[in-house]
Amino acid sequence: MDKPADTGEKRTRRIWIISRGDFVNLDLSSICKEPVSGPVTEYRISELAHYLLNPDTISLEEKVVGCKVRYRKPQSGILTRLFRKRRRAGASGALVEEIISSSRIGTPDFRDEGLNAHFIKISEMLRPYDPVQKKLAKLDRHKVEDITAICEEISGNRYTLNLQGSLNEKINFLVNSMSRKTKVVFNRAYLMNGLFEMRGFKFDTFNPDNYYRLIKFNRENRTAYCVLDADYGFEFWVDDGALVHYMHIFEQSVRTDPRLEDALALCIRGEAMPLKLFFSKQLEQKYSVKRLPETYRKIFSAFNIGEDEKNAITNMLNSFQSIVFFNFVPDTGTGRRRVFTNITVMHDFRALEPIRSQLPELYSEIDKKTSVSDAGKLYLLDSIREYQNV
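> So what exactly am I meant to see when it comes to helix α9 (residues 294–302) here?
Each α-helix turn comprises 3.6 residues. Residues three or four places apart therefore point the same way. Residues of α9 that are buried include every one of Thr295, Tyr296, Ile299 and Phe300, and no others. One side of α9 holds all its buried residues, which, seen down the axis, span an arc of 120 degrees. Exposed and oriented more than 90 degrees from the buried face of α9 are Lys298, Ser301 and Ala302. At its buried positions, α9 is contacted by α10 (307–317), α11 (360–367) and β18 (376–389).

Below, the structure written as structure tokens:
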């Protein structure tokens, strides 16, 4: 979609993702060694889309809450009995012990920096009494094959972090980092299977006037994408066309879901911390006549639709979905945190084709709500916001 014009305070900070594509006459010989045949399409993408597509590494701070110790395969059953309750068998048969700190003291985030400093000081004074610290100090390093860190995100999700260096260096790192935030390097913003890490993007400096160029063309009989700067200087290749598809869905979702736009606006104003962006093709909970999205509740009440027709329409709603999940944490200034998830359900208008002749008024009413991009002719089916205390 075309980038919105700046009219007023709201639009000067309004977020956008990707524009409509235009056919261009562009010489790509400086980028591609082989000749390019066929049409070349150019899209403008925002700073946020540039971040999401970029294959470069990103650095974040994550809290280390524990570790996994993998012991060498024991010669006897003594070690097996010793850690019977806290180990599992690895692929190599080695014993793995998971050690989690019982300290729930996080990094304080009160608006009063003096109060934050006070709590940090208390936390440092308590560190030597953490049982994990004592356990790490007593490790028989001759029996340890490897050790990895366990990090915890703000949402409470945990993941294993591989460490670099010798065994002694890894243990020393854990001793110094336990219950603290440490620098973690991710391969890129795109993690896997439709999941993006959003904390690496600097929302507070987002400028809607800045843009890059996404170029689409045929290369060796395959669709290829690359990103150029505003002056047509090469930036990077986009190695997965699915990522571009996500950008089109994201754009349509931002344009049609006020809740999603509001959540992103909070991050731009520094009033919320972004966490994750996730794209899916299906909601876990299916729609039914008793559980309808607001769009269809209004339409069903406005038109005389029979029960059989309602059931048929409801079944259509559970296919051709494109879901956008956006996690963020509003800044309350009180130290209490809630992770909010904004769920935008976009629906492909093609799903309604079977009712076009039977229910033309309903079909026409939904058609008015659609928007078109390379991702298809979609409309906002539902917008949901949930939260959990952390």
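Resuming the write-up.
> Would you mind showing me how to read the packing of aromatic side chains here?
Aromatic ring pairs are defined here through the distance separating the ring centres and the angle between the ring planes. Summed over all chains, the structure comprises 18 aromatic pairs. With a centroid separation of 5.5 Å and 45 degrees between ring planes, the pair formed by Tyr51 and Phe201 is classed as tilted. Taken together, the positions of Tyr51 in helix α2 (residues 47–53) and Phe201 in the loop between β10 (195–197) and β11 (212–219) put the pair 150 residues apart, joining distant regions of the chain. Taken individually, Tyr51 and Phe201 each receive the classification buried, so the pair is uniform in this respect. A centroid spacing of 6.2 Å and a plane angle of 55 degrees characterise the contact between Tyr159 and Phe186, whose relative ring orientation is tilted. Of the two residues, Tyr159 is situated in strand β7 (residues 158–161) and Phe186 in strand β8 (residues 181–186); the sequence distance between them amounts to 27 residues. Through pairs of rings, three or more aromatic residues link up here, namely Tyr190, Phe196, Tyr246, Phe250 and Phe279.

> Just to check I follow, could you spell out the packing of α9 against α11 for this structure?
Packing of α9 against α11 leaves a shortest axis separation of 11 Å and a crossing angle of 145 degrees. Here the hand of the crossing between α9 and α11 comes out right-handed. Between α9 and α11, the residues in contact are Thr295, Tyr296, Ile299 and Phe300 and Leu362, Glu365 and Ile366, respectively. Class assignment of the residues belonging to the contact of α9 with α11 gives a composition of 5 nonpolar, 1 polar and 1 charged.

> Help me understand the pattern of salt bridges in this model?
Think of it this way: side chains of opposite charge can pair up when their charged atoms draw near. The tally for this structure, following the rule as stated, stands at 21 salt bridges. Between Glu261 and Arg14 there is a salt bridge; the shortest N-O distance is 2.8 Å. Separated by 247 residues along the polypeptide, Glu261 in helix α8 (residues 258–268) and Arg14 in the loop between α1 (9–12) and β1 (22–24) bring together distant segments of the chain. Assigned by exposure class, Glu261 and Arg14 land together as buried. Taking the shortest distance from any N to any O, the salt bridge between Asp348 and Arg350 comes out at 3.0 Å. Taking the relative accessible area as the measure of exposure, Arg350 reaches 57% and is therefore exposed.

> Please explain the sheet that holds strand β12 (residues 222–228) as it appears in this structure.
As a general point, the strands of a sheet are linked pairwise by backbone hydrogen bonds and lie either parallel or antiparallel. Ordered by their spatial adjacency, 5 strands build an open sheet running β1-β2-β11-β12-β13, and the pairing between neighbours is antiparallel. The open sheet has two free edges, formed respectively by β1 and β13 (234–238), since each of these has just one partner strand. Here the average twist between neighbouring strands, direction ignored, is 35 degrees. With 4 bridges connecting them, β12 and β13 associate as antiparallel partners. Directly across from Leu228, in β13, lies its bridge partner Phe234.

> Please explain the side chain of Asn342 as it appears in this structure.
Within the secondary structure layout, Asn342 lies in strand β16 (residues 338–348). Exposure remark for Asn342: the relative accessible area of 0% places this residue in the buried category. Separated by 3.1 Å, the side chains of Asn342 and Arg385 make a polar contact. Residue contacts for Asn342: discarding those within four places in its chain leaves Asp257, Arg259, Leu260, Val324, Phe325, Phe326, Phe328, Ser383, Ile384 and Arg385.

> Please explain the nonpolar core as it appears in this structure.
General note: in soluble globular proteins, nonpolar side chains tend to be found buried as a group. Formed by 71 residues in total, the largest nonpolar core has its most connected members in Leu48, Leu214 and Phe250. Residues contacting Phe250, with those up to four places away along its chain left out, are Ile17, Leu48, Leu52, Leu260, Leu264, Leu277, Phe279 and Val324. By size, the runner-up hydrophobic cluster in this structure holds 24 residues, among which are Leu283, Met316, Tyr363 and Tyr379.

Basis of the calculations
- Residues numbered from 1 in each chain as written.
- Predicted model: local features only at pLDDT ≥ 70, side-chain atom pairs only at ≥ 80, totals over all residues.
- Heavy atoms only, no water.
- Buried < 20%, exposed > 50% of the residue type's maximum accessible area, 1.4 Å probe, protein only.
- Helix = DSSP H or I, 4+ residues; strand = E, 2+ residues; numbered from the N terminus.
- Arc of directions from axis to C-beta.
- Contact = heavy atoms within 4.5 Å.
- Phe/Tyr/Trp six-rings, centres within 6.5 Å; stacked < 30°, edge-to-face > 60°.
- Axes fitted to C-alpha atoms, helices over the stretch in contact; angles between N-to-C directions.
- Left-handed = near helix turned anticlockwise from the far one by under 90°.
- Nonpolar A, V, L, I, M, F, W, Y, C, P; charged D, E, K, R; others polar.
- Salt bridge = Lys/Arg side-chain N within 4 Å of Asp/Glu carboxyl O.
- Pairing = 2+ DSSP bridges.
- Polar contact = N/O pair within 3.5 Å; in protein donor to acceptor, adjacent residues only side chain to side chain.
- Core = buried A, V, L, I, M, F, W, Y, C linked by side-chain atoms within 4.5 Å.

The values reported here are purely geometric and, on their own, carry no functional implication.
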